[in-house]
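Letter by letter, the chains look like this.
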Amino acid sequence: MRGPAPNRLWPLLAIFLTLVSAAPGTAFAQAIVAVVNDGLITDLDVEQRLRVALIVTDLPRTDENAARLRPQVISALIDEELQRQEAERLGIGVPEEEIDAAIAEIAASSGVSQDAFLARFRAAGVRDDTLRRQLEAQIVWVEVARRQLAGRVIITEAQVDQALQRLSRGERQFRIAELALPVYAPGQEERVVADAGRLREALRRGTSFAALARQFSASASAERGGDLGWVSASALPAELVSILETLPDGGVSEPIVTQQAVFLFQRQGERTTGAGEMRVDLLLADFGEATTFGDENLAAFVERAREEALSCPAFEALLAEQPGIVVDVQSDVEPIGLDEPLAGTAFSQPIGVASRPLVTDEGTLVVMVCRREGGFDEERRQQVRDQLRTEAIERLASRYLRNLRQDAFIEVRA
């Protein structure tokens, strides 16, 4: 565990322990609530963010509600401090104009002008810099993830093909949003589960899931209000699919505990994707159980076919030279109606190129796609490619922040 640099931290503590600052209409000494490496979170920081949280969650300003939200406000502030520190270490900043644009976008999504949006917070004693610092942390973390992690993500065309193949089969999907509350240590799990339960109760009373996720979620999706978009059922844990099946649209799960966090999931919709309406013509060579062809073994023969027979007529002529190979031509076939591994090959194999040998229960097949029509155009492929990349970066970003927490000196005092 990396500790703070003493020559930087303790003078700051001495100063801030006695610092007095005035919020609008209020004056109080700023006690230290948490130390995060050489950064400090004070009572004023917590009080300001509590006011923001109460506004966005539409909860009355009561001691009970403030007490419910306080633990997660502190956790969110700790994560934001870690994100800002990492951005500073990397020399990454956020232009003021970008924060202005974010405020304008949030105001527009709320259906009010920017002035009216800010006026609501100011009337509750929230300083403009409180909102700006929160947005700054969210924006800068996205940039940190982009610069540090995007280069580590490689999306292959095979991955795109597999995703599109699932879509072409009419795959079941859920539209979901997540809210992740971090568990810093095993002993905190019970408290975090209780916090998640209180947030779920606020949601039951009508609080916006997106607003809570933006305020409290430790996931990279927090900037989007926790929105994960449409997620294939096959990409989700079976236990979560079972839970989502029992929820109505808009329903929220009970707290789900993992090793690193406690999650709430909101089901926002369910659909079955339509087939891609792809049609193909196929040339199938059934080699049965044969392993040699003249002086060539099967692998060498197929490799020669891939180099020399670059069309279905050429492949068929080459096959006719070898006895014992059963040739089958299938026209105007829907790949979604075929069994694997033939379906995947029909869906993604380049036209006019013999496939690698496919081992089936009946024997060994080599397939050439002679024609392919319909299916998904390049624009749809790019959309899937972008979605896969975003999901991969967000998974890495969550791990990145978890590692920052583990390596940091964090002391929560209240």
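Right above here is the structure, for reference.
Heads up: these notes are all about the structure in this document. Values in this document were obtained by computation on a predicted structure and should not be read as measured data.

What follows is about the overall build of the protein chain. Regarding its fold elements, the protein chain presents 14 helices and 15 strands. Burial analysis of the protein chain (414 residues in total) assigns 46% to the buried set. Taking the contacts inside the protein chain whose residues are at least 6 apart along the sequence as the reference set, 74% of them involve residues at least 24 apart. A total accessible area of about 20,500 Å² is found for the protein chain, and carbon and sulfur atoms account for 51% of it.

Glancing now at the pattern of salt bridges. Overall, the coordinates contain 36 salt bridges when judged by the stated rule. Between Glu303 and Arg356 there is a salt bridge; the shortest N-O distance is 2.6 Å. Placement of Glu303 in helix 11 (residues 298-308) and of Arg356 in the loop between helix 13 (342-348) and strand 13 (358-359) is noted, with a sequence separation of 53 residues between them. Among the salt bridges present, the one from Asp332 reaches Arg371, with a minimum N-O distance of 3.2 Å. Separated by 39 residues along the polypeptide, Asp332 in strand 12 (residues 326-333) and Arg371 in strand 14 (residues 364-373) bring together distant segments of the chain. If you follow the salt bridges from partner to partner, you end up with Arg172, Glu245, Asp249, Arg267 and Glu270 in one network.

We now examine the sheet that holds strand 7 (residues 256-257). Remark on secondary structure: sheet strands pair via backbone hydrogen bonds, oriented parallel or antiparallel. As summarised here, the arrangement of the four strands in space is 6-5-8-7, forming an open sheet in which the pairing is antiparallel. Every interior strand has two partners, whereas the edge strands, strand 6 (227-232) and strand 7, have only one. Pairing of strand 5 (residues 172-182) with strand 6, which is carried by five bridges, proceeds in the antiparallel orientation. Within strand 6, the residue paired with Gln173 across the bridge is Ser232. The strands touched by helix 8 (residues 189-204) are strand 5, strand 7 and strand 8 (261-272); relative to strand 8, the strand with the most contacts, the crossing angle is about 40 degrees.

Buried within helix 12 (residues 312-320) we find Cys312, Phe315, Leu318 and Leu319. One face of helix 12 carries all of its buried residues, which in axial projection span an arc of 125 degrees. In this structure, helix 12 carries Pro313 and Ala320 as exposed residues pointing more than 90 degrees from its buried face. Those residues of helix 12 that are buried are in contact with strand 9 (279-288), helix 11, strand 12 and strand 14.

All right, on to the sheet that holds strand 15 (residues 410-412) then. Read across the open sheet, the three strands follow the order 4-3-15; overall the sheet is antiparallel. In this open sheet, the two strands that pair with only one neighbour each are strand 4 (39-42) and strand 15. With direction set aside, neighbouring strand axes in the sheet form an average angle of 15 degrees. Pairing of strand 3 (residues 32-36) with strand 15, which is carried by three bridges, proceeds in the antiparallel orientation. Looking across to strand 15, one finds that Val35 is bridged to Glu411. Packing of helix 3 (residues 63-90) onto the sheet brings it into contact with strand 3, strand 4 and strand 15, and relative to strand 3 it is tilted by some 35 degrees.

This next bit is on the state of the cysteines. What the rule picks out here adds up to one disulfide. Note that Cys312 is cross-linked by a disulfide to Cys370, the S-S spacing being 1.9 Å. Taking the sign of the torsion about the S-S bond as the criterion, the disulfide between Cys312 and Cys370, at about -100 degrees, is left-handed. Placement of the pair is Cys312 in helix 12 and Cys370 in strand 14, with a sequence separation of 58 residues. According to the relative accessible area criterion, Cys312 is buried, its value standing at 13%. What makes Cys370 partly exposed here is its relative accessible area of 30%.

The rules behind each value
Residues numbered from 1 in each chain as written. Predicted model: local features only at pLDDT ≥ 70, side-chain atom pairs only at ≥ 80, totals over all residues. Heavy atoms only, no water. Helix = DSSP H or I, 4+ residues; strand = E, 2+ residues; numbered from the N terminus. Buried < 20%, exposed > 50% of the residue type's maximum accessible area, 1.4 Å probe, protein only. Contact = heavy atoms within 4.5 Å. Areas by Shrake-Rupley, 256 points an atom, 1.4 Å probe, with all protein chains shown as cover. Salt bridge = Lys/Arg side-chain N within 4 Å of Asp/Glu carboxyl O. Pairing = 2+ DSSP bridges. Axes fitted to C-alpha atoms, helices over the stretch in contact; angles between N-to-C directions. Arc of directions from axis to C-beta. Disulfide = S-S within 2.5 Å.

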